[in-house]
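# Coordinate analysis (summary)
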Amino acid sequence: MTTRLQRRYLATSGSVLRHVAQPAGTLAISWLVIGRTDTATWGACVSMLITIQLLVHLVQWGQRDLLLRDLSDGRTDASALWWTNLCTRVPFLAILLMPVVLFPEVPGAILLGWGLMAALSASLEPLVVHTKRFHQALLADLAGLLAQLATLVATGTIDPALVVASFAIGQLVRAVGIWIAVGRPGPMSWRWAPHHHLAEAFPFVLIGLGGLLATRADLYTMAWLVDDDALGSYQVIAGLFLQLQVLPGLLVKPHLPALMRLGERSLIHHAARRLLLGALLAVPATMIVLIVLRTFFHVAPDMGVLLAGALSVVPASAYVVLLPRVLGLGQERRLMALSFLAAGILVVITLVLVPFLGIAGGLWGTACAQWTILAGAWRFLMKRPPLWSADRQP
């Protein structure tokens, strides 16, 4: 007989594996490109990658949270809602033409194809959550990754144009797979609804953009400050440490319902214990990162890079249980402001330190941003008056 916790793990395993597989896939692509060419080639691709990711986020315009809210009543036709959402956002697709101007060295049709397929894949994500087809979507993710790897392996010479084409092919395969996984939604009925799908989604745009910049602003700043070779190395190093930042949230996900029934003081004490555990585990985790970098990427980071990276992963161990409580208290605007504050600190520190410390400056900026998020959530919950909760007697 399975326990309730085991059932939660089973229910969330597909979502957890997807969160792990996607950045791991990017690391696999970077390993192949760097191994077949050099770090500078991958760095040139990183500039395009982060640009496409930002533009796709803008094209989505908060649709994930908006559609999940609309679908939560159980009466809305998911297929009609998705098509209405997709067609209403067609004018936004013009944003995806920007990389054609920014990166003239790559054929514009390939860049546009990559952006369109990435936007289509992202538009299907609310349906994955709604139908809970996480494992089927995971298979689509893996199929897209295999298609991308096959495209790169099958050719003799790898250049930025080929890497971009491989991303477009991978996203196409992924989009088709997810579309099949969620039940092949067809254009049975749709309508033009800009007020609902654009105006009402604006708050969700800001929340998502704040979260994106709080974790990726260092890459955008580094792309402006350093050459392609340094950017390629930084993306690999930061990507590995980012995986470590995401891991605590994935592990705690099945336990969140029970943790959210704790009172603020009990939750903060739990977060303090997790922070201590995260600090202890950061040392062996950083050693694993060092081994991976030296073995697979032939990168030997200095002590400053490793120390900054280790400090950047510790706060996530604690704030993964604090931020859901802040959201649960209806403090979305406070969390959004905290995310933009962290992003601003990240940019400023990166700008100041990179000229003196090199790529370590970006990781120090990331560390300061992560600790800012933890401090903001901790301070807010500490200042709240104690309220009755499930772990107190009335």
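Before reading on, note that the structure itself is shown above.
Structure report, in brief. (Residues numbered from 1 in each chain as written. Predicted model: local features only at pLDDT ≥ 70, side-chain atom pairs only at ≥ 80, totals over all residues. Heavy atoms only, no water.)

### Points about the overall build of the chain
The helix and strand inventory of the chain stands at 18 helices and zero strands. Taking 21 Å as the expected radius of gyration for a compact globule of 394 residues, we find that the chain reaches 21 Å, a close match to that expectation. Dimensions of the chain, computed from C-alpha atoms along their principal axes, come out at roughly 70 × 60 × 45 Å. Counting across all 394 residues of the chain, residues that qualify as buried make up 47%. Considering only contacts within the chain whose residues lie at least 6 apart along the sequence, 85% involve residues at least 24 apart. Here the chain contributes 28 positive and 18 negative side-chain charges, whose respective centroids are spaced 15 Å apart. (Helix = DSSP H or I, 4+ residues; strand = E, 2+ residues; numbered from the N terminus. Rg over C-alpha atoms; globule rule 2.2 N^0.38 Å. Buried < 20%, exposed > 50% of the residue type's maximum accessible area, 1.4 Å probe, protein only. Contact = heavy atoms within 4.5 Å. Lys, Arg positive; Asp, Glu negative; His and termini not counted. Charge placed at Lys NZ, Arg CZ, Asp CG, Glu CD.)

### As for the packing of aromatic side chains
According to the stated counting rule, one finds two aromatic pairs in the structure shown. Relative to Phe167, the ring of Trp114 has its centre 4.8 Å away and its plane inclined at 15°; by these criteria the two rings are stacked. Separated by 53 residues along the polypeptide, Trp114 in helix 6 (residues 108–123) and Phe167 in helix 9 (residues 160–181) bring together distant segments of the chain. (Phe/Tyr/Trp six-rings, centres within 6.5 Å; stacked < 30°, edge-to-face > 60°.)

### Thoughts on the nonpolar core
In terms of nonpolar packing, the biggest core is built from 84 residues, with Trp42, Trp114 and Leu322 touching the most fellow members. Broken down by element, the residue count for this core peaks at 10 residues, all from helix 2 (residues 39–60). Each residue touching Trp114, except ones within four places of it in the same chain, is listed here: Met48, Leu49, Ile52, Val164, Phe167, Ala168 and Gln171. The next biggest cluster of nonpolar side chains, apart from the first, holds 15 residues, and it includes Ala78, Trp83, Leu124 and Ile178. (Core = buried A, V, L, I, M, F, W, Y, C linked by side-chain atoms within 4.5 Å.)

### Quick notes on the packing of helix 2 against helix 11 (residues 202–225)
Where helix 2 contacts helix 11, the two axes come as close as 11 Å, and the packing angle between them is 165°. Of the possible angle classes, the one that applies to helix 2 and helix 11 is roughly antiparallel. For helix 2 against helix 11, the interelement crossing comes out left-handed. Facing helix 2, whose interface residues are Val46, Ser47, Ile50, Thr51, Gln53, Leu54 and His57, helix 11 presents Val205, Gly208, Leu209, Leu212, Arg216, Leu219, Tyr220 and Ala223. A per-class count over the contact of helix 2 with helix 11 returns nine nonpolar, five polar and one charged. (Axes fitted to C-alpha atoms, helices over the stretch in contact; angles between N-to-C directions. Parallel < 35°, antiparallel > 145°, perpendicular 65-115°, else oblique. Left-handed = near helix turned anticlockwise from the far one by under 90°. Nonpolar A, V, L, I, M, F, W, Y, C, P; charged D, E, K, R; others polar.)

### Points about the side chain of Arg18
Mapped onto the secondary structure, Arg18 falls in helix 1 (residues 4–36). Among the residues examined, Arg18 registers a relative accessible area of 6% and is labelled buried. Separated by 2.6 Å, the side chains of Arg18 and Asp141 make a polar contact. If sequence neighbours within four positions are ignored, Arg18 has contacts with Glu125, Val128, Phe134, Ala137, Leu138, Asp141, Arg174 and Ile178. (Polar contact = N/O pair within 3.5 Å; in protein donor to acceptor, adjacent residues only side chain to side chain.)

### With respect to the layout of surface pockets
In this structure, the second largest pocket occupies an estimated 300 Å³ of space. Looking at the second largest pocket, it is lined by 13 residues, and the ones nearest its centre are Leu244, Pro248, Gly278, Leu281 and Ser317. Looking at the lining of the second largest pocket, the elements with two or more residues in it are helix 12 (228–252) and helix 14 (264–297). Here the lining of the second largest pocket gets six residues from one element, more than from any other, and that element is helix 14. Classifying every residue of the lining of the second largest pocket by side-chain character gives 10 nonpolar, two polar and one charged. (1 Å grid on protein atoms, 1.4 Å probe; cavity = no way out; pocket = protein on both sides within 12 Å on 5 of 7 lines; lining within 4 Å. Points joined across faces, edges and corners; volume = space filled by probe spheres on them.)

### Notes on the environment of Leu290
Topologically, Leu290 is positioned in helix 14. As a C-alpha pair, Leu290 and Ile237 span 53 residues in sequence and 9.0 Å in three-dimensional space.

### So, helix 16 (residues 316–328)
The end-to-end C-alpha separation of helix 16 is 18 Å, in line with the 18 Å expected for 13 residues at 1.5 Å each. For helix 16, the tally of buried residues reaches 10 of 13 residues, placing the bulk of the element in the interior. Within helix 16, the full set of buried residues consists of Ala316, Ser317, Ala318, Tyr319, Val320, Val321, Leu322, Leu323, Arg325 and Val326. Here the buried face of helix 16 lies against helix 12, helix 13 (256–259), helix 14, helix 15 (303–313), helix 17 (332–357) and helix 18 (360–383). (Expected span 1.5 Å × (residues − 1).)

### Details of the packing of helix 3 (residues 63–71) against helix 4 (residues 78–88)
At a minimum axis separation of 11 Å, helix 3 and helix 4 run at an interaxial angle of 150°. In terms of orientation, helix 3 lies roughly antiparallel with respect to helix 4. Of the two possible hands of crossing, helix 3 and helix 4 adopt the one that is right-handed. Mapping the contact onto sequence places Gln63, Leu67, Asp70 and Leu71 in helix 3 and Ala78, Leu81, Trp82 and Asn85 in helix 4.

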